[in-house]
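Now for the letters of each chain:
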Amino acid sequence: MADSTQSEFDIVCVMRKAIKGKALAYHLAENPMEKDYEPLIMYFPYEEVLSTREDIAQSYPWWRMFFDGAANFKGVGNGAVLISELGQHYPTSTKIRFPYTNNIAVYETCILMIRMAVNMNIKELLVIGDSDLLIHLVQGEWTTKNVKIILYLQCVKELCNKFIKIEFKHVLRIQNEFANALATLSSMI
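How each quantity is defined
Residues numbered from 1 in each chain as written. Predicted model: local features only at pLDDT ≥ 70, side-chain atom pairs only at ≥ 80, totals over all residues. Heavy atoms only, no water. Helix = DSSP H or I, 4+ residues; strand = E, 2+ residues; numbered from the N terminus. Buried < 20%, exposed > 50% of the residue type's maximum accessible area, 1.4 Å probe, protein only. Pairing = 2+ DSSP bridges. Core = buried A, V, L, I, M, F, W, Y, C linked by side-chain atoms within 4.5 Å. Salt bridge = Lys/Arg side-chain N within 4 Å of Asp/Glu carboxyl O. Axes fitted to C-alpha atoms, helices over the stretch in contact; angles between N-to-C directions. Contact = heavy atoms within 4.5 Å.

(A) Layout of the environment of Lys169. Its location among the elements puts Lys169 in strand E5 (residues 165-170). Here the alpha-carbon distance between Lys169 and Gly129, two residues 40 residues apart in the chain, equals 6.6 Å.

(B) Expanded view of the pairing of strand E1 (residues 63-72). Of all ten residues making up E1, eight are buried, and the element is well covered by its neighbours. Bridging between E1 and strand E4 (residues 124-129) involves five bridges; their strand directions are parallel. Residue pairing across strands places Arg64 opposite Leu126, the latter belonging to E4. What sits between E1 and strand E2 (residues 75-83) in their antiparallel hairpin is a turn of two residues.

(C) Up close: the nonpolar core. Core analysis: the biggest nonpolar cluster contains 28 residues, and Met65, Phe67, Leu134 and Phe168 have the highest contact counts within it. Counting residues per element, this core draws most heavily on helix H3 (residues 102-119), which supplies eight residues. Counting eleven residues, the second-largest nonpolar core is a separate cluster that includes Phe66, Val81, Leu126 and Val171.

(D) Region of the structure containing the pattern of salt bridges. Per the stated rule, a full pass over the model turns up two salt bridges. Residues Arg173 and Asp130 are paired through a salt bridge, measuring 3.8 Å at the closest nitrogen-oxygen approach. Within this pair, whereas Arg173 is found in the loop between E5 and helix H6 (177-188), its partner Asp130 is found in the loop between E4 and helix H4 (132-138), the two being separated by 43 residues in sequence. With a relative accessible area of 12%, Asp130 lands in the buried category.

(E) Seen up close, the sheet that holds E1. One open sheet holds the five strands; their spatial order is E3-E2-E1-E4-E5, and the pairing between them is mixed. Edge positions in the sheet fall to strand E3 (89-96) and E5, since each of these pairs with one other strand and no more. For this sheet, the mean inter-axis angle between neighbouring strands, taken without regard to orientation, is 20°. Across six bridges, E4 lies against E5 in parallel orientation. In the sheet register, Glu124 faces E5, and the bridge partner there is Lys165. The sheet strands contacting H3 are E1, E2, E3, E4 and E5, and the helix crosses E1 at an angle near 150°. The strands touched by H6 within the sheet are E1, E2 and E3, with E2 carrying the most contacts at an inclination of about 145°.

If you want it as structure tokens, here you go:
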């Protein structure tokens, strides 16, 4: 007996279980690439992601470090890139397996990369980030009563004593997009 609520003109959606590999192979065989085929342009072109658009893009006589941390519903991650005097890029990112706030993630990233610079025997470093809190606290322009942040701040300042010259510079988020992308990607893994 047929269901009285359905008519012959009703639309029924059925989810497809899987795409057969054979069907995909047939499709690719029937649609070969033409000689003038050009690959898709990447969303983050390499040249634009590594550029910073302002005076930071100039060559500096010392190393530079871009850093950022990301905390979201998927997790916490940090991303940074060290750039040598010759312009060589050394990107790094890590996933943190326990919950943090975004401010703590930024401090963790900064400390990790400054320690890396110390281990690489770098003596002059320009630290560049988009965290107002970290940059202004390290420069002594702001103060905080947050005990956790104070401990991180003390650690950053102790590490700064290992350099002949170290400076901190605040930039806009758009100027820190490579480190931001690394942090966001590592947080989502």
